[in-house]
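# Breakdown of the fold
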Amino acid sequence: MIEIVDESAHTRRVIETVWRIESPKLIARLARVLGDVGLAEDLAQDALVIALKRWPKSGVPENPGAWLMAAAKNRAIDQLRRAKRLERKHEQIAHDLQTRERAGVPEVEDEEEIDDDLLRLMFITCHPALSTQARVALTLRLLGGLKTDEIARAFLVSESTIAQRIVRAKRVLADARVQFELPGADELSLRVASVCETVYLIFNEGYSASAGEHWIRPELCEEALRLGRVLAELAPGEPEVHGLVALMEIQMSRFGARTGPTGEPVLLLDQDRKRWDRLLANRGLAALQRAERLSAAYGPYMLQAAIAACHTRARTARETDWQRIAVLYDALARVRPSPVVELNRAVAVGMAFGPAAGLALVDTLIGEPALANYHLLPSVRADLLVKLGRHGEAYAELERALALTRNARERGLLLERVRALAWTASP
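Below, the structure is looked at part by part. Computed from a prediction, not measured in an experiment: that's the story for all the values here.

### Digging into the overall build of the protein chain
When helices and strands are tallied, the protein chain shows 20 helices and zero strands. Excluding contacts between residues fewer than 6 apart, the proportion of contacts in the protein chain whose partners are at least 24 apart in sequence is 64%. Accessible surface computed for the protein chain: about 21,700 Å², of which carbon and sulfur atoms make up 52%.

Written out as structure tokens, the structure is:
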């Protein structure tokens, strides 16, 4: 039987792949030329539409990135020239673009210039002037090449909500007159921290989904890791960037063991460590070493990576160095104090020095407003109470955790724990 190949469908898949690869560079270069991220994305989208019309007939060009850039620049010239009232700046931009076009200046610029443009775009999409949600949406859209509906599905919100976040983000950047330039030395650390925070938020939502039917969303983690690696290449002297990459790589190395046959969660101490991806784990450990060579002072991502490394280096759960983990959490609590860090520190202390010590720390967090609706607080407390033989109290805590969780897989895990306790506790 002769296999019939749908060439148009194949070409469309190729275009989608090319777009994911080339769109961040395309938008970054256009934004540098035009000084407007919103306009840059619009023109890039116009170039994509043109490609979708022409490439199925003419075939994918040898250098698709250069083709898309040329198409976007031509659209920019047309739009700027057709404007009713051309500002002097726009006239100059259009003139410069046409001059480059006539002179035959290559569309693909040197790698160093492209890298600088990508780094500028990262600093723009993760600008501190934007809300956290806006930074995440804009980063996935402009740097990840994800469509609005894909971002909406990943975060379980409506497409219109994501579209509004992106529109508002562009408006905030325009109103604040944010310049498409690399920040000065005095501002660099703040801006790098903002990019790292955004990337890690994307990773965390994939690593432990806050809601929905799935416990993990690998596609979000993979995108966050890709962005982290790009940032590490663009800013090789930033230790916290390498710490973030190390943390994500080590965490992702456990994916093969984090879920069971039907997608049910498997907690860290119960995982089959033979199923961990040792190649990815070793890459993470190497990234942590790079960070340590750059700075003896551990930042929050380096500390979290060092904690994850303790688990990776332990051949079995029993060999885990919980005392070192507790010390690292002490340091993390000083560098980046938060109730969630304190809760994790309590778990480490409970493992290192006994459940009573851990419970004493957890009990100090009971009235913490930030943890009022955080299901892991009663869940952790229940685990410590079970170890102390206080099953009735543990049962009540698990019921509280059940009422608070929004993730179906975590709910199933908690239900199993409730059923196991039901034989020994009186509700």
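### Observations regarding the environment of A287
Relative to the helices and strands, A287 is located in helix 13 (residues 278-294). By relative accessible area, which is 0% here, A287 ends up buried. Distance from A287 to A305, taken between C-alpha atoms, is 9.3 Å for residues 18 residues apart in sequence.

### A closer look at helix 17 (residues 355-363)
Among the residues of helix 17, G358, L359 and V362 are the ones counted as buried. Seen end-on, helix 17 carries its buried residues on one side only, within an arc spanning 100°. On its buried side, helix 17 packs onto helix 16 (339-353) and helix 18 (376-387).

### As for the side chain of R191
Along the polypeptide, R191 turns up in helix 9 (residues 185-207). A polar atom in the side chain of R191 sits 3.0 Å from the backbone oxygen of F123. The residues touching R191, leaving out its near neighbours within four places in the chain, are F123, I124, H127, P128 and P183.

### So, unusual backbone geometry
The phi torsion at R177 lies on the positive side, around 50°, for a residue other than glycine. Structurally, R177 can be placed in the loop between helix 8 (159-175) and helix 9.

### A word on the environment of A152
Of note, A152 is situated in helix 7 (residues 148-155). Taking relative accessible area as the criterion, A152 reaches 4% and is therefore assigned buried. When the C-alpha positions of A152 and A137 are compared, they lie 8.9 Å apart, and in sequence the two are 15 residues distant. Contact partners of A152, with chain neighbours within four places excluded, come to V157, S158, E159 and I162.

### Details of the packing of aromatic side chains
Any aromatic ring pair is given by two values, namely how distant the centres are and how the planes are angled relative to each other. In this structure the tally under the stated criterion is five aromatic pairs. Between Y200 and F203, the aromatic rings sit 6.1 Å apart at their centres with planes inclined by 15°, giving stacked as the arrangement. Note that Y200 and F203 are positioned in helix 9 at a spacing of three residues, about one turn of the helix. For Y200, a relative accessible area of 12% translates into the label buried.

### Focus: the pattern of salt bridges
Counting across every chain of the model gives 20 salt bridges. Residue R217 pairs with E205 through a salt bridge whose shortest N-O separation is 2.9 Å. Linking R217 in the loop between helix 9 and helix 10 (218-234) with E205 in helix 9, this pair joins segments that are twelve residues apart in sequence. When its relative accessible area of 13% is taken as the criterion, E205 is described as buried. A salt bridge links R226 to E223; its shortest N-O distance comes to 2.6 Å. Here E223 and R226 lie together in helix 10, a separation of three residues that amounts to about one turn. For R226, a relative accessible area of 32% puts it in the partly exposed group. Taking relative accessible area as the criterion, E223 reaches 12% and is therefore assigned buried. Here the residues in one salt-bridge network are D363, R381, E397 and R400, joined through shared partners.

Conventions and cut-offs
- Residues numbered from 1 in each chain as written.
- Predicted model: local features only at pLDDT ≥ 70, side-chain atom pairs only at ≥ 80, totals over all residues.
- Heavy atoms only, no water.
- Helix = DSSP H or I, 4+ residues; strand = E, 2+ residues; numbered from the N terminus.
- Contact = heavy atoms within 4.5 Å.
- Areas by Shrake-Rupley, 256 points an atom, 1.4 Å probe, with all protein chains shown as cover.
- Buried < 20%, exposed > 50% of the residue type's maximum accessible area, 1.4 Å probe, protein only.
- Arc of directions from axis to C-beta.
- Polar contact = N/O pair within 3.5 Å; in protein donor to acceptor, adjacent residues only side chain to side chain.
- Phe/Tyr/Trp six-rings, centres within 6.5 Å; stacked < 30°, edge-to-face > 60°.
- Salt bridge = Lys/Arg side-chain N within 4 Å of Asp/Glu carboxyl O.

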